[in-house]
Amino acid sequence: MSAATVDAALRRAGNPERARDRLTRLLDAQPALASELADAGPTLDAVVALAVGAPFLLDAARADLGVLDPVRTGTDLRAPQHPAALHDEARQISGDPVDVPRALRRWKRRKLCRIAARDLLGLADLRTVGSELAALADACLTVAVAHAAPSVPFAVIGMGKLGGSELNYASDVDVLFVHDGDAEDAERAARAVLRTMSAATADGYVFRTDARLRPEGAAGALSRSLDGYVAYWERWARAWELQALLKARVAAGDAALGARFMERATTSVFSDKDLSGAVREIRAMKQRAEAEVRGRGLEHRELKRGRGGIRDIEFSVQLLQLVHGRHDDAIRSPSTLVALEQLASGGYVALPDAVRLDDAYVWLRTVEHRLQLIAEQQTHTLPSDEGDRTDLARVLGFRDRGDVAALAAFDATHQSHVTTVRAIHEKLFFAPVLDTLAGVGRLAPAAALDRLSAFGFRDAEQTRAALVELTAGLTRRSRVMHHLMPVLLGWLSETPDPDLGLLQLRRMVEGPTRSATFARRFRETPIAAERTCRVLGASRVLGLALHRAPEFLDVLADDDALLATVERDAMIDEALGTLDWRHDDESRYAGLRRFKRRHLLRIGARDLLGIADVETVGRELSALADACVAAALGSLEPPLPFAVVGMGRLGGCELSYASDIDVLFVYDGDGPDAFAAAERVATELMRAIGATTAEGQTFRIDADLRPEGKAGPLARSLRAYDRYYREWVQTWERQALTRARPVAGDDTLASAFIASTLPAVYRDPLPADDVREIRRMKARIERERIPAHEDPRFHLKLGRGSLSDVEFTVQLLQLTHGARHDRLRAASTVQALDALESLDLVAHDDAAALRESFRLCERARNYRYLLTGTPSDALPVDSDEATKLARMLGYVARPQQALRDDYRRVTRRARDVVERLFYGRTA
């Protein structure tokens, strides 16, 4: 072999030194190969290309020169191998008396060598490589099925990249098995096929073959009858399982059975069912995968699931197929690139976008192939090491040119593609809709409405009118909004109620001044725009507040402002400052309501954005109420020591959005003049907090927990309270006082009030009559207080295992043990439960069950109020509202059913604890 000839071939390689080393080791092991390389023909070029790009094949050839047979002298690598020819060769293997699995592994390795050589030499494009790899897998599966010799009709369905005829070099081969006849024989055949394909030996494996896409995954039967598949698809299949069927294709086995499978699968995938839930579920699954990649720090190196990666393209294509394929069977190809062409031809994707996605997909998959050829490893991650990435760049054909290194050119090309992909992905679903409404798009009006409906926009006319209004005109503002709307619609479509979100966005930006302001802010601070959409599409209450306080967008753009919890004292100082400079009652009341609205927006936004948990929300709402009461009381300038004591949820710092605030008024003084003054302060304070004005209401305020209820005076002196609680206190009042807490006014007086109640509340032992009375009262509430139109099984406040069960149980235990343990005298239900657990008065598992129910029920009540603006204590009966609420709570797949199932599970566990700890019943 001429050294000059070899040197010339090596110089053309991406890494000449590494290629020389690998070639030398191959020739040391197989010296007979040297004569075949002497003429510098195709054999030498192919072997050098393999040495650089697919060294694992040269490693295999050192032990078995037959691996290189497809590239040795006389072989024409320019022509693709026809699938029929592959199957003819495969049938010869299946008829060979030698060990079939071993022969199949060696044959597959030789065919893989031919495909890789054609690829690395530039003789086959990406589509051809993918289809040849898939055809090779089909042929191997055909051999494996014949070797398994099923005695019933039996077919192998290719899924994923096999189904799409776009297989990777190191892909798993995803399959489903379908049979007609005896299930046990089919199961045996399926196991034999998997064993033939996947078992690792000294000759490697054929293809790693994965059947986990089957119904019920690894827990399900390996093979099912066609009727079994259809029953599963109709009743149980998740959205991603139907999405996966988009890429189904008959790969091996009984062709007639496979065709029947495909016919039924197509009917199931492209049914007339409402798609919005499925689309939401699929998008949520993709977002979780992206979050996982981001959490591992691979967002910009992962070719498959990273930002702007392969999945962005595949996901976009498949969602559009699901949405429009129901009415257009011309866009159902399992191949990503073919489907993309079909979508462009049908007007579902703009042609320039389709071309750019095609280019990017070819680039990303080619890079993926080069990575996998290095060691036949299943990887999708760009190397972090610059040397390894430089080698990759050179294998891809990049060379140092002047001042631009090969690696820099590769990085720039890659970044350009992923940026393009992500930009198109983010606008793809909605930009054509806007173009259609503007009369310049190719998407048919009916298809535009289908797309909006699939993404959760149900009111087609309202949506159309809102989009036209938001983007119409030739002003700079309208151009900005037209540019932003695809992204805004994408964010809105992910909210529980996209129609509500769009309607509220339209109202919020109405008018030329507001519209221009919001357009500019949204363009300059995309994070504020995204958060605004998330709030508007989840809450009628916060949407109205945001409409009246548009300056809150600045807070939504400020991570520090949203992440920070505003402490109670700081909130009180701010509220006092709000009223200090106002000189008349009406302006003070209006200022107080605006103060409340600002903080309600902040608390609600933190809640909906997942920044604050339910207990933090309760504390912040309670602190907000404290601040409003303190400011209003301060503005009244009481002429005597006067304090407000919080009761119920306000006292426990567990206020909900729709809660009344329960209070007691206490003063220090004697005689009719002191009483009259205190009564005037209490009356005016009730009006200051509770009256409804043009700015709304601060809080509904309730003083009915005072002695004698509505028949008693609003305010009492400390001495009068002390006497009442010593002589006439009732059991329910003792229980209520477990939640008493100073809220506003004279601190010394409030503390003295709390101290004076302790002997009446916490007695050792708690009388048995009190225990019986509390239990009777609780049982009566369960029987009588749930409204007839509400389902007791799903009542968040009074249902079995719900909020009142948890609160009554904790309060009874506080009353029982509080005289001996000061730590139990916490006004907060959760804090008291924590204390009971720490003192071993409640077992850890029991405390966890009560906590879980309290949190779920409280979040559901809060979110239902935010969603509708109407207080309610039960899960909604209306299916549409129930679905929206479930989505707010994080349920994506079958949201309404999943929420109800979770509610039953959680409250059943809590009720078991209540039966033991509250009612004293044993199983």
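Refer to the structure printed above.
This text gives an overview of the structure that appears in the document. (Residues numbered from 1 in each chain as written. Predicted model: local features only at pLDDT ≥ 70, side-chain atom pairs only at ≥ 80, totals over all residues. Heavy atoms only, no water.)

### Observations regarding the overall build of the chain
- Counting its regular elements, the chain contains 42 helices and 10 strands.
- With the principal axes as the frame, the chain shows a C-alpha extent of 120 × 70 × 50 Å.
- The burial tally for the chain puts 56% of its 923 residues in the buried class.
- Put simply, 72% of the contacts in the chain that link residues at least 6 apart link residues at least 24 apart.
- A total accessible area of about 38000 Å² is found for the chain, and carbon and sulfur atoms account for 51% of it. (Helix = DSSP H or I, 4+ residues; strand = E, 2+ residues; numbered from the N terminus. Buried < 20%, exposed > 50% of the residue type's maximum accessible area, 1.4 Å probe, protein only. Contact = heavy atoms within 4.5 Å. Areas by Shrake-Rupley, 256 points an atom, 1.4 Å probe, with all protein chains shown as cover.)

### Details of the pairing of strand S1 (residues 154-159)
- Burial of S1 is extensive: six of the six residues sit out of reach of the surface.
- Because side chains alternate across S1, one face comprises the buried residues Phe154, Val156 and Gly158, and the other comprises Ala155, Ile157 and Met159, equally buried.
- Both S1 and strand S2 (residues 173-179) contribute to a ladder of six bridges, which runs antiparallel. Note on S2: the bridge partner recorded for Val156 is Phe177.
- When S1 meets strand S5 (residues 249-253), the two strands line up antiparallel, connected through four bridges. Residue Ile157 lies in a different strand from S5, and its bridge partner there is Val250. (Pairing = 2+ DSSP bridges.)

### A few points about the environment of Arg734
- Among the secondary structure elements, Arg734 is positioned in helix H35 (residues 731-737).
- Placed 708 residues apart in sequence, Arg734 and Leu26 show a C-alpha to C-alpha distance of 90 Å.
- Within polar-contact distance, the side chain of Arg734 engages the side chain of Asp770 at 3.4 Å. (Polar contact = N/O pair within 3.5 Å; in protein donor to acceptor, adjacent residues only side chain to side chain.)

### Considerations on the pattern of salt bridges
- Here the structure, examined in full by the defined rule, presents 88 salt bridges.
- A salt bridge links Asp805 to Lys778, with the nearest nitrogen and oxygen atoms 2.6 Å apart. Here Lys778 lies in helix H37 (residues 768-784) and Asp805 lies in helix H38 (residues 803-817), a separation of 27 residues in the sequence. Here Asp805 and Lys778 have matching classes, each one buried.
- Linked through salt bridges whose partners overlap, the residues forming this network are Arg649, Glu654, Arg739, Glu807, Glu858, Arg861 and Asp873. (Salt bridge = Lys/Arg side-chain N within 4 Å of Asp/Glu carboxyl O.)

### Here we look at the packing of aromatic side chains
- Tallied over the full model, the rule gives 21 aromatic pairs.
- Between Trp233 and Phe261, the aromatic rings sit 5.4 Å apart at their centres with planes inclined by 75°, giving edge-to-face as the arrangement. Within this pair, whereas Trp233 is found in helix H10 (residues 226-235), its partner Phe261 is found in helix H12 (residues 255-269), the two being separated by 28 residues in sequence.
- Take Phe261: its relative accessible area is 0%, and that puts it in the buried class.
- Ring geometry for Phe430 and Phe455: centres 5.2 Å apart, planes at 70°, overall edge-to-face. Linking Phe430 in the loop between helix H18 (406-428) and helix H19 (431-437) with Phe455 in the loop between helix H20 (445-454) and helix H21 (460-471), this pair joins segments that are 25 residues apart in sequence.
- Judged by relative accessible area, which is 2%, Phe455 ranks as buried. (Phe/Tyr/Trp six-rings, centres within 6.5 Å; stacked < 30°, edge-to-face > 60°.)

### Some words on the side chain of Gln243
- Within the fold, Gln243 resides in helix H11 (residues 239-244).
- Once residues within four sequence positions are removed from consideration, Gln243 is found in contact with Ile282, Met285, Gln318 and Leu322.

### Brief notes about the pairing of strand S7 (residues 661-667)
- Most of S7 is tucked away, with seven of its seven residues classed as buried.
- Residues Ile661, Val663, Phe665 and Tyr667 line one face of S7 and the alternating positions Asp662, Leu664 and Val666 line the opposite face, and both faces are buried.
- Inspection of the sheet shows strand S6 (residues 642-647) paired to S7 by six bridges, in the antiparallel sense. Paired with Val645 across the bridge in S7 is Leu664.
- One ladder, built from two bridges, connects S7 with strand S8 (residues 701-702); its direction is parallel. Across the sheet, residue Asp662 finds its bridge partner in S8, namely Asp702.

### Some details on a positive patch on the surface
- On the surface, a cluster of positive charge is made up of Arg780, Arg783, Arg785 and Lys797.
- Relative to the assigned elements, Arg783 resides in helix H37. (Patch = residues over 30% accessible without salt bridge, like charges linked within 9 Å, V, L, I, M, F, W, Y side chains within 5 Å. Lys, Arg positive; Asp, Glu negative; His and termini not counted. Charge placed at Lys NZ, Arg CZ, Asp CG, Glu CD.)

### Considering unusual backbone geometry
- That bond from Asp764 to Pro765 is cis: its omega, 0°, falls within 30 degrees of zero.
- Tracing the backbone shows Pro765 in the loop between helix H36 (747-761) and H37.
- With phi around 50°, Ala149 is a residue other than glycine that occupies positive phi space.
- You can see Ala149 is positioned in the loop between helix H7 (126-148) and S1.

### Here's the deal with H7
- When the terminal C-alpha atoms of H7 are compared, their 33 Å separation across 23 residues agrees well with the 33 Å that a helix rising 1.5 Å per residue should span.
- Burial within H7 is extensive, with 17 of its 23 residues counted as buried.
- Ala149 sits one or two positions beyond H7 and adopts a positive phi of about 50°. (Expected span 1.5 Å × (residues − 1).)

### Brief notes about the packing of helix H41 (residues 879-888) against helix H42 (residues 895-917)
- In the contact formed by H41 and H42, the axes pass within 8 Å of each other and the chain directions differ by 70°. Our classification of the angle between H41 and H42 gives roughly perpendicular. Residues Ser879, Ala882, Thr883, Leu885, Ala886 and Arg887 of H41 form the contact with H42, whose participating residues are Pro895, Gln896 and Leu899.
- Here the residues of the contact of H41 with H42 are counted per class, giving five nonpolar, three polar and one charged. (Axes fitted to C-alpha atoms, helices over the stretch in contact; angles between N-to-C directions. Parallel < 35°, antiparallel > 145°, perpendicular 65-115°, else oblique. Nonpolar A, V, L, I, M, F, W, Y, C, P; charged D, E, K, R; others polar.)

### Notes on the side chain of Ser276
- Tracing the sequence through the fold places Ser276 in helix H13 (residues 276-295).
- With sequence-adjacent residues up to four places away left out, Ser276 is seen in contact with Ser453, Ala454, Gly456, Arg458 and Arg887.

### Some thoughts on helix H17 (residues 386-395)
- Turning to H17, its buried residues number three or more, namely Arg389, Asp391, Leu392 and Ala393.
- Sitting at the head of H17, Asp385 places a side-chain oxygen 3.0 Å from the backbone nitrogen of Gly387.
- Following H17 by one or two positions, Gly397 has its phi on the positive side, about 100°.

### Here's the deal with the state of the cysteines
- Enumeration according to the criterion identifies zero disulfides in this entry.
- The closest cysteine sulfur to the non-disulfide-bonded Cys628 is located on Cys653, 14 Å from its own sulfur. (Disulfide = S-S within 2.5 Å.)

### With respect to the environment of Ala529
- As for its placement among the helices and strands, Ala529 is situated in helix H25 (residues 526-536).
- Between the alpha carbons of Ala529 and Phe455 there is a distance of 19 Å; along the sequence they are 74 residues apart.
- In contact with Ala529, other than residues within four places in its own chain, are Leu488, Trp491 and Phe522.

### Examining the environment of Ile282
- Relative to the helices and strands, Ile282 resides in helix H13.
- Overall, the relative accessible area of 2% leaves Ile282 in the buried class.
- Between the C-alpha atom of Ile282 and that of Ala431, which follows or precedes it by 149 residues, the distance is 20 Å.
- What Ile282 contacts, discounting residues up to four positions off in sequence, is Ala239, Trp240, Gln243, Phe315, Leu319 and Leu322.

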